Amino acid sequence: MATNTQQQISVTDLDVPQLADVRRQLDEELTHLTNSFTQLKQAQAKFRSCIDNVAEVKPSNKNTTILVPLTNSLYVPGKLRDLENVIVDVGTGYYVKKTRAQATKHYQSKVDYLQSNLETLQETILKKQENLTFVVNVLQSKIQAQSPAGTRNTKD
């Protein structure tokens, strides 16, 4: 016998209740992965918005009154004075002063990182969807195979 603790079993060897459990598990995993994909897309959109916001800091906007966010829901009026530097939230409550170019580069690297994660996640979601489709097809064929056999026995 092999020393491997995991054993592979063909989906076609499972009975209907086991297939239903596998289907339920795949549905849950797919839901979780899809929710994660959505959250990553939202985070990517926020970083893209940050890039757009940094681009708005330009000489023509000097001394323009703006709303400065203190929290997600609290904004205070302020004026743009330093057009070369911005404050960047680098996570966990830390802020760093960066030039506009550095800030744009920082946010673009975040967008690119999330894009690579989204692509990997999308491949995983597609594989899970294929697995789910296969399990559903096997489940339906097993149910159909049981139905005619059950009705044939009752008629005899």
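Residues numbered from 1 in each chain as written. Predicted model: local features only at pLDDT ≥ 70, side-chain atom pairs only at ≥ 80, totals over all residues. Heavy atoms only, no water.

Examining the side chain of Lys-98
Put simply, the rule is: Strands are runs of DSSP state E lasting at least 2 residues, helices are runs of H or I lasting at least 4, and numbering of each runs from the N terminus. Residue burial is assigned from relative accessible area. The probe radius is 1.4 Å, only protein chains are included, and a residue is buried under 20% of its type maximum, exposed over 50%, and partly exposed in between. When charges are counted, neither His nor the chain ends are considered; positive counts come from Lys and Arg and negative counts from Asp and Glu. Any carboxyl oxygen of Asp or Glu that lies within 4 Å of a side-chain nitrogen of Lys or Arg is treated as forming a salt bridge with it. Contacts are assigned to residue pairs that have any heavy atoms within 4.5 Å of one another.
Tracing the backbone through its elements, the reader meets Lys-98 in strand 4 (residues 94-99). The buried charged residue Lys-98 lacks any salt bridge, with Asp-89 as its nearest oppositely charged partner at 11 Å. Each residue touching Lys-98, except ones within four places of it in the same chain, is listed here: Glu-84, Asn-85, Val-86, Val-88, Ala-103 and His-106.

A few points about the layout of surface pockets
Quick note on the threshold: Grid points spaced at 1 Å and placed over the protein atoms alone form the basis of the search, with a cavity being a set where a 1.4 Å probe fits but cannot get out and a pocket an open set showing protein on both sides within 12 Å along at least five of seven lines. Lining residues have an atom within 4 Å of a point. Grid points are joined across faces, edges and corners, and a volume is the space filled by probe spheres set on the points. Only Asp, Glu, Lys and Arg are considered charged, only Ala, Val, Leu, Ile, Met, Phe, Trp, Tyr, Cys and Pro nonpolar, and every remaining residue, Gly among them, polar.
Considered as a void within the structure, the largest pocket measures approximately 1400 Å³ in volume. If you go around the largest pocket, you meet 32 residues; those closest to its centre are Asn-53, Val-68, Pro-69, Ile-87 and Tyr-107. Of all the secondary structure elements, the ones that give two or more residues to the lining of the largest pocket are helix 1 (16-55), strand 1 (65-69), strand 2 (75-79), strand 3 (85-91), strand 4 and helix 2 (100-155). No other element matches the seven residues that strand 3 contributes to the lining of the largest pocket. There is about 160 Å³ of room inside the second largest pocket. Contributing to the lining of the second largest pocket are Ile-9, Val-11, Leu-14, Val-22, Gln-25, Leu-26, Glu-29, Lys-128, Asn-131, Phe-134 and Val-135. Split into classes, the residues belonging to the lining of the second largest pocket amount to seven nonpolar, two polar and two charged.

Some remarks on the pairing of strand 3
A regular strand places its side chains on the two faces of the sheet in alternate fashion. In plain terms, the rule: Pairing between strands is defined by DSSP: at least two bridges between the two strands are required.
In the sheet, strand 3 pairs with strand 4 via six bridges, with the strands oriented antiparallel. The residue bridging Asp-89 from the neighbouring strand is Tyr-95, located in strand 4.

Comments concerning the nonpolar core
Rules: To define a nonpolar core, start from buried Ala, Val, Leu, Ile, Met, Phe, Trp, Tyr and Cys residues and group those joined through side-chain atoms within 4.5 Å.
If you look at the biggest cluster of nonpolar residues, it comprises 13 residues, and the most contacted ones within it are Leu-19, Ile-125 and Leu-132. Within the residue set of this core, elements represented by two or more residues are helix 1 and helix 2. Of all the elements, helix 2 adds the most residues to this core, at seven residues. Excluding residues within four positions of it along the chain, Leu-132 makes contact with Arg-23, Leu-26, Asp-27 and Leu-30. By size, the runner-up hydrophobic cluster in this structure holds 10 residues, among which are Ile-51, Val-54, Val-57 and Val-86.

Let's talk about the pattern of salt bridges
All chains considered together, the criterion is met by two salt bridges. The salt bridge involving Arg-24 is made with Asp-21; its shortest N-O contact spans 2.9 Å. Of the two residues, Arg-24 and Asp-21 both sit in helix 1, three residues apart, roughly one turn of that helix. We classify Arg-24 as partly exposed; its relative accessible area is 45%. Owing to a relative accessible area of 41%, Asp-21 belongs among the partly exposed residues under this scheme. Lys-128 is the partner of Glu-29 in a salt bridge, and the nearest nitrogen-oxygen pair spans 2.5 Å. Linking Glu-29 in helix 1 with Lys-128 in helix 2, this pair joins segments that are 99 residues apart in sequence. The class of Glu-29 is partly exposed, set by a relative accessible area of 24%.

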